[in-house]
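Chain residues, written in single-letter form:
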Amino acid sequence: MKTVKFGGSSLATAGQIRKVGDILAADGARRLVVVSAPGRRDAGDTKVTDLLIAAAEARLTHRSGEAELMVALKRFADLARGLELPDACLRGIEIDLRQRLTAETGDEDLYLDSMKAAGECNCARLVAEHLRSRGLEAHFIDPREAGLILSAEAGNARVLRQSYGNLRSLRDRSGITVFPGFYGYTESGRLVTFPRGGSDITGAILAAAVGAELYENFTDVDSVFAASPRLVPHPRPVGEITYREMRELSYAGFSVFHDEALEPVFHGGIPVAVKNTDNPEADGTLIVPDRSVEGAPVAGIAATGGFCTVYVSRYLMNREVGFGRRLLEVFEDEGIPYEHTPSGIDNLSVIVREEFFDHATEERVLRRVRTELVADEVSVERGLALVMVVGEGMRHTVGLAARTTGAFARSGINLEMINQGSSEVSMMFGVKEADMQTAVRSLYAEFFSD
């Protein structure tokens, strides 16, 4: 049995959904299917999820949201008509969208989650209807009926352990089961969503729950690449990569696969195949527990911007027991997750994402650090990007750090930070955001150019 997930680009048009049907019909083992909401049809288009968010935000700001809802409904109408589905299918979608839009808004976060999830829910119903129109046995199942139980964290939910036992029975269902991604229900029955891109997480949870032989993740590229095509022209495809390598690369900006989606399949030992809906016969990329690293110490290079660093200095900091804990407590009190904490003898830096650290928050944090920790110096530097070199073979390769820093030096890039994880699977470098593309290209040339 295979678990298969289709991303938004694979469901954006009727033609794409027909390709999904072809892929499922070609392999009888593909019996558990997770779908995202319809994505962009072209570069200037808007994802259905964003259309639904616009409708919800209109309602939350005391407008009807009707105009915004009609744009989303038209997207579903175009899909249903393009697939030649009965009018009753579209009427059901319209009823569902209107019920969600006019629901109680007392808890704004839960209301927004309900609206966001409508994209996946109704796309799954539509896909199941299309599969039946082709003569396939297909069934839609709601996550509540299946038993996908999540933590009560709107927009950032995590799966609870009892879900795996609940979901195991999906293995015994006949035909193709179409499961909407991205959302589940709390123990009290409230709908909550994973972070954006969370359909990958749903697919991984289901694959682990049913003990799938393979988790196939269909998207709009032939494979994972050694670097982002946005930063490096025509990068080298990666045929095989480990869970740990993919996790590190996803964290640092690889958008092919959600970084949190690897945990369930990692613990279940289930390989993941990243494949292209438009070219399903291509080999794709296989994510596995282990791989041969001989002659290929680096698997990929990734980078992402939007970080800032909070620098704190205090003389004899290393002799003061509990200084680091008290510093991080300030961030905890403000609800700010931190990414890394590189340190020296008398100084400590806390790297955070700028989205959690606006200027008002910055003022509060710096004031508390100065007064409560009696710091000698406190400063903030914004516009930082993190660049990562990732590879299982790095820990066995002498001189790799010299090659990376040498590549930066030849490109005239000043390093703001260097950090290597204890697993030695990755090295992280902080650079100015303006230098991010140059940094990635210099590293790619060092490790992948012939």
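For the structure, see preceding data.
Residues numbered from 1 in each chain as written. Predicted model: local features only at pLDDT ≥ 70, side-chain atom pairs only at ≥ 80, totals over all residues. Heavy atoms only, no water.

Caption draft 1: Quick look at the overall build of the protein. The helix and strand tally for the protein stands at 14 helices and 18 strands. Whereas a compact globule of 450 residues would reach a radius of gyration of roughly 22 Å, the protein reaches 24 Å, a difference of no more than 12%. Along the first, second and third principal axes, the C-alpha set of the protein runs to 70 × 55 × 40 Å. Classification of the 450 residues of the protein by burial places 53% in the buried group. Split by element, the accessible area of the protein, about 19700 Å² in all, is 47% carbon and sulfur. Charged side chains in the protein number 50 positive and 65 negative. The centres of these two groups are separated by 2 Å. (Helix = DSSP H or I, 4+ residues; strand = E, 2+ residues; numbered from the N terminus. Rg over C-alpha atoms; globule rule 2.2 N^0.38 Å. Buried < 20%, exposed > 50% of the residue type's maximum accessible area, 1.4 Å probe, protein only. Areas by Shrake-Rupley, 256 points an atom, 1.4 Å probe, with all protein chains shown as cover. Lys, Arg positive; Asp, Glu negative; His and termini not counted. Charge placed at Lys NZ, Arg CZ, Asp CG, Glu CD.)

Caption draft 2: Here's a closer look at helix α1 (residues 14-25). When the terminal C-alpha atoms of α1 are compared, their 16 Å separation across 12 residues agrees well with the 16 Å that a helix rising 1.5 Å per residue should span. Where α1 is buried, its residues touch β1 (2-6), β2 (30-35), α3 (66-82), α5 (108-133), β4 (176-180) and β7 (214-219). (Expected span 1.5 Å × (residues − 1). Contact = heavy atoms within 4.5 Å.)

Caption draft 3: Spotlight on unusual backbone geometry. In the Ramachandran plot, E84 falls in the positive-phi region, its phi being about 60 degrees despite a non-glycine side chain. By the element assignment, E84 lies in the loop between α3 and α4 (87-101). Judged by its relative accessible area of 68%, E84 falls in the exposed class. A positive phi angle, close to 50 degrees, is found at V374, a residue other than glycine. With respect to the helices and strands, V374 occurs in the loop between α12 (359-372) and β16 (377-390). Overall, the relative accessible area of 48% leaves V374 in the partly exposed class.

Caption draft 4: Region of interest: the pairing of strand β12 (residues 285-288). The pairing of strand β10 (residues 240-242) with β12 spans 3 bridges and is parallel. Bridge pairing in β12 links I241 to I287. Across 3 bridges, the pairing between strand β11 (residues 272-276) and β12 is antiparallel. Bridging across to β12, V272 finds its partner in I287. (Pairing = 2+ DSSP bridges.)

Caption draft 5: Looking closely at the sheet that holds strand β13 (residues 300-313). Across the sheet, 6 strands lie side by side as β14-β15-β13-β16-β18-β17; this open sheet has antiparallel pairing. Of all the strands in the sheet, the pair left with one neighbour each is β14 (338-340) and β17 (417-420). Neighbour-to-neighbour, the strand axes of the sheet open up by a mean angle of 40 degrees, direction not taken into account. Each of β13, β14, β15 (347-353), β16 and β18 (426-432) is contacted by helix α9 (residues 243-251), which is oriented at about 135 degrees to β16, the strand it contacts most. Where helix α13 (residues 400-410) meets the sheet, it contacts β16, β17 and β18, and its direction lies at approximately 20 degrees from that of β18. (Axes fitted to C-alpha atoms, helices over the stretch in contact; angles between N-to-C directions.)

Caption draft 6: Quick look at the sheet that holds β10. Strand order in the open sheet formed by 8 strands is β3-β4-β2-β1-β7-β11-β12-β10, with mixed pairing between adjacent strands. Of all the strands in the sheet, the pair left with one neighbour each is β3 (138-140) and β10. Within the sheet, the average angular offset between the axes of one strand and its neighbour, ignoring direction, is 20 degrees. With 5 bridges joining them, β1 and β2 adopt parallel strand pairing. Looking at β2, one finds that K2 is bridged to R30. In this fold helix α8 (residues 199-210) packs onto β1, β2, β4 and β7, with an angle of close to 155 degrees to the strand it touches most, β2.

Caption draft 7: Representation of the packing of aromatic side chains. Taken as a whole and assessed by the stated rule, the structure comprises 6 aromatic pairs. Taken together, a centroid distance of 5.0 Å and an interplanar angle of 20 degrees make the contact between F6 and F218 stacked. Of this pair, F6 sits in strand β1 while F218 is found in strand β7, placing the two residues 212 residues apart along the sequence. With centroids separated by 5.0 Å and ring planes inclined at 70 degrees, the aromatic side chains of F408 and F429 adopt a geometry described as edge-to-face. Of the two residues, F408 is situated in helix α13 and F429 in strand β18; the sequence distance between them amounts to 21 residues. (Phe/Tyr/Trp six-rings, centres within 6.5 Å; stacked < 30°, edge-to-face > 60°.)

Caption draft 8: Here's a closer look at the nonpolar core. Counting 76 residues, the largest nonpolar core has L167, L170, F179 and V265 as its most contacted members. Counting 48 residues, the second largest nonpolar core, distinct from the first, contains F6, C89, Y111 and L131. (Core = buried A, V, L, I, M, F, W, Y, C linked by side-chain atoms within 4.5 Å.)

Caption draft 9: Region of the structure containing the pattern of salt bridges. Using the criterion set out here, one finds 32 salt bridges in the structure. The salt bridge partner of K74 is D78, with a shortest N-O separation of 3.1 Å. In this pair, K74 and D78 both sit in helix α3, 4 residues apart, roughly one turn of the helix. Given a relative accessible area of 32%, D78 falls into the partly exposed group. Measuring nitrogen to oxygen at the nearest pair gives 3.2 Å for the salt bridge that ties E339 to R353. Taken together, the residues E339 in strand β14 and R353 in strand β15 connect sequence positions 14 residues apart. One salt-bridge network, held together by shared partners, links R41, D45, K74, R75 and D78. (Salt bridge = Lys/Arg side-chain N within 4 Å of Asp/Glu carboxyl O.)

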